[in-house]
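Commentary on secondary and tertiary structure
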Amino acid sequence: MTRLSVIACLLPSALAAQQRGFTVGVTGFTGGNWQPSGVEVGTLRAVGAAPGQSVALMLRLGSFVQDQAVLIGGTTGFFVSVVGAYRRPLLTIAAMGSERDLSYARLVGVLELGVAKDFNSPLPQGNVRGTGAALVGFSFGRSGRIDENFAILGGPAWFVGDASSMHAQFTMRFQSPLGRGRRRGPPEGP
């Protein structure tokens, strides 16, 4: 009974100490006659011992744009995706600012897996498709348990369903910690 009481007393403070954040962005895919593109919003959680490592759960909403009709707006159908992502800083390129308020330029890596429900899809995958992507890019901003920054990412993406195909994915994403998760000063680690 004593152990249960100690756990019950410590659980609220442990949950409050978890680092959480949010992310918003835009994503587009190239390759083929139709390119899915859309906006995304999600929640983050810090993982691992090093700062800047996080997992995200995102909702991506978008439509299919015909490649020759981008300037005149030829679209068909739309999609809803649930995407899980793991992000990790790979290399610090530069540090700028004062010792109390440092900003960083970093090379980051992101792995994404998701599932999409397509409505009136022109893609050969059918109405439900799986997605996977391995992205690398640059991020700019403050470091912390969850980085507060803007990132430009790109890399290969795979769509699977009734058929499979490879595309290039390009993403611009902003992320920030929630509440007391913001941290100023030099980071620990890479």
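With that settled, the discussion passes to the overall build of the protein. Looking only at helices and strands, the protein features one helix and eight strands. N-terminal to C-terminal, the α/β element order of the protein is α-β-β-β-β-β-β-β-β. When burial is assessed residue by residue, the protein has 41% of its 190 residues classed as buried. On the protein, roughly 10,100 Å² of surface is accessible, and the fraction owed to carbon and sulfur atoms is 67%.

With that out of the way, let us pick up the environment of Tyr86. The topology assignment puts Tyr86 in strand E4 (residues 75–97). Overall, Tyr86 belongs to the partly exposed group, its relative accessible area being 29%. A C-alpha to C-alpha distance of 9.8 Å links Tyr86 and Arg45, two positions 41 residues apart in sequence. Those residues in contact with Tyr86 that lie beyond four places of it in its chain are Val47, Gln53, Ser54, Val55, Gly109, Val110 and Leu111. Polar side-chain contacts of Tyr86 include one of 2.8 Å to the side chain of Gln53.

Cut-offs applied
- Residues numbered from 1 in each chain as written.
- Predicted model: local features only at pLDDT ≥ 70, side-chain atom pairs only at ≥ 80, totals over all residues.
- Heavy atoms only, no water.
- Helix = DSSP H or I, 4+ residues; strand = E, 2+ residues; numbered from the N terminus.
- Buried < 20%, exposed > 50% of the residue type's maximum accessible area, 1.4 Å probe, protein only.
- Areas by Shrake-Rupley, 256 points an atom, 1.4 Å probe, with all protein chains shown as cover.
- Contact = heavy atoms within 4.5 Å.
- Polar contact = N/O pair within 3.5 Å; in protein donor to acceptor, adjacent residues only side chain to side chain.

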